[in-house]
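Descriptive analysis of the structure
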Amino acid sequence: MKKFVYMDASASWLKPQSVVECQRNFLRNFYANAGRGICARAGHVDNLIADSRQKVADFIGAAAKNIVFVSGTTDGFNRIVNIVKNTLNKKCPLVAVSDLDHHSARLPWEMQAENKNCKIVVMPLDDNLNIDLKKVPKADVMVITAMSNVLGVQQDVAAIIRSARAKNPNVITIVDAAQSVVHTKINVKDLNCDFLCFSGHKIGADTGVGVMYVKNPDVWAVDKFGGGMVNKITDLRIVFNKSPEKFEAGTLPLTQIVALPNAIEYLSKWDGGQKLIHFMYDELIKLKNVKMLTGRDACMISFVPKNMHVLDFGALVGAHDICLRVGNMCAAWVHKKLNIDGSVRISVGPWNTVKDAKYVVDVIKKLVQ
Ligand SMILES: Cc1ncc(COP(=O)(O)O)c(C=O)c1O
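Before going into details, it helps to say that this report is about the structure given with it.

Spanning 15 residues, helix H8 (residues 254-268) covers 22 Å between terminal C-alpha atoms, matching the ideal 21 Å at 1.5 Å per step. Of all the bends in H8, the greatest, near 35°, is centred on Leu260, and the proline Pro261 appears no more than four residues after it. Of all 15 residues making up H8, 11 are buried, and the element is well covered by its neighbours. Every buried residue belonging to H8 is among Leu254, Thr255, Gln256, Ile257, Val258, Ala259, Leu260, Pro261, Ala263, Ile264 and Leu267, and all of these are buried.

This is the structure in structure tokens:
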């Protein structure tokens, strides 16, 4: 079979063998539901889930009770709106967002604003399109994209949160770490955020599992109801479990959770692919028909071909067995800010080689000349 060059890691990672093997082994030899059974086999699954939760907690500097398994970043962000809304004692909170935001981080709040349940304030960006630390607004809720999936630059999340707290000590801070988690070591204690989300599939785990970090789980009301989250129901009252179980109604994506530590371990050994990015950047920046949107040290390369529409470019590059991302990347606001409809994104993973990078550069050169 012809080799396919997959350089769309920022959309989703190809899966390492250790993840595939772990899931296969679990499904074939150990599968049972978690949090429900009392036989040894079910107890073993409980232990695997607890183990995975602890490893995720260690990975981001949290405790196990702060780690809620969700189905992905998008799920986490939609749930956080409901969790915050149910608890926040404010009629129309001011929610700060930015043009770096992915649709999943900002749209749930935009929809609340449409229904007049909150007001949106857009945080100014500086000349380099980073969140302007000097202009962090006063807000009740703040959505912070730690790394844009178009520009690939790590934001100074800790400083943004410090600045936000200086203006309102009670501001609720929500961090989108979907891209940042791939390239930057996260420590939620250093960030001091209230919520943080990322997806398993972008770090080599399977689809269907994500992480919602909750700093103070006891203060938040639950947003979903069902099996596994109830401690007791009497005639007089209903008592929910403590966190994280209180936020995990229903059966979890067990297979995906069990293999999440394998993905984390694999990610931890990767150098980030910056050498490949530098090589391709240095070649592409020379092309007169390529307008670069990212800098050399960004974690991905985004550009616009000057002589054709990005979707045509995507189709042509695809015909050469190369998978890149083209379009608005579910990040319409940053494209609007740049006055463009869409872009082309190259993002690499541990499976990519120098040969891949050379091939991609050669094909792009041919297409844009
Ligand atoms: C910055 C950012 N936030 C959020 C998401 C949404 O992630 P998911 O589709 O896994 O929920 C993405 C996915 O591309 C992203 O890049």
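This next bit is on the site of the ligand. The environment of the ligand is formed by Thr73, Thr74, His102, Ser104, Met147, Asn149, Asp176, Ala178, Gln179, Ser199, His201 and Lys202. Thr73 is positioned with one of its backbone polar atoms (N or O) 3.5 Å from an oxygen atom of the ligand. Between the ligand and the protein, one listed contact pairs a nitrogen atom with a side-chain N or O atom of Asp176 at 2.6 Å. Considering the ligand on its own, with 390 Å² of exposed area, one finds that the protein chains cover 87% of that surface. Tallied by class, the residues present in the shell around the ligand amount to two nonpolar, eight polar and two charged.

So, about the environment of Asp341. Mapped onto the fold, Asp341 is located in the loop between helix H11 (332-337) and strand E15 (343-346). Residue classification places Asp341 among the exposed residues on the basis of a relative accessible area of 70%. For the pair Asp341 and Lys134, spaced 207 residues apart in the sequence, the C-alpha separation amounts to 29 Å. Setting aside its immediate chain neighbours within four residues, Asp341 contacts Asn328 and His335.

A few words now on the packing of helix H3 (residues 73-87) against helix H4 (residues 103-114). Running from amino to carboxyl end, H3 crosses H4 at an angle of 35°, the nearest separation of the two axes being 8 Å. Of the two elements, H3 crosses H4, and the hand of that crossing is right-handed. Contacts from Thr74, Phe77, Asn78, Val81, Val84 and Lys85 in H3 reach Ser104, Ala105, Pro108, Trp109 and Gln112 in H4. Split into classes, the residues belonging to the contact of H3 with H4 amount to six nonpolar, four polar and one charged.

Glancing now at helix H1 (residues 17-30). Between its first and last C-alpha atoms H1 spans 19 Å; for 14 residues at 1.5 Å apiece the expected length is 20 Å, and the two agree. When we look at burial in H1, the residues that qualify are Val19, Cys22, Gln23 and Phe26. One side of H1 carries all its buried residues, which in axial view fall inside an arc of 95°. H1 presents Gln17 and Arg28 as exposed residues on the side facing more than 90 degrees away from its buried surface. Where H1 is buried, its residues touch helix H2 (40-60) and H8.

Cut-offs used in this document
- Residues numbered from 1 in each chain as written.
- Predicted model: local features only at pLDDT ≥ 70, side-chain atom pairs only at ≥ 80, totals over all residues.
- Heavy atoms only, no water.
- Helix = DSSP H or I, 4+ residues; strand = E, 2+ residues; numbered from the N terminus.
- Expected span 1.5 Å × (residues − 1).
- Bend = angle between axes of the 7 residues up to and from the residue.
- Buried < 20%, exposed > 50% of the residue type's maximum accessible area, 1.4 Å probe, protein only.
- Near = heavy atom within 4 Å.
- Polar contact = N/O pair within 3.5 Å; in protein donor to acceptor, adjacent residues only side chain to side chain.
- Areas by Shrake-Rupley, 256 points an atom, 1.4 Å probe, with all protein chains shown as cover.
- Nonpolar A, V, L, I, M, F, W, Y, C, P; charged D, E, K, R; others polar.
- Contact = heavy atoms within 4.5 Å.
- Axes fitted to C-alpha atoms, helices over the stretch in contact; angles between N-to-C directions.
- Left-handed = near helix turned anticlockwise from the far one by under 90°.
- Arc of directions from axis to C-beta.

Purely geometric stuff here, so don't read any function into it on its own.
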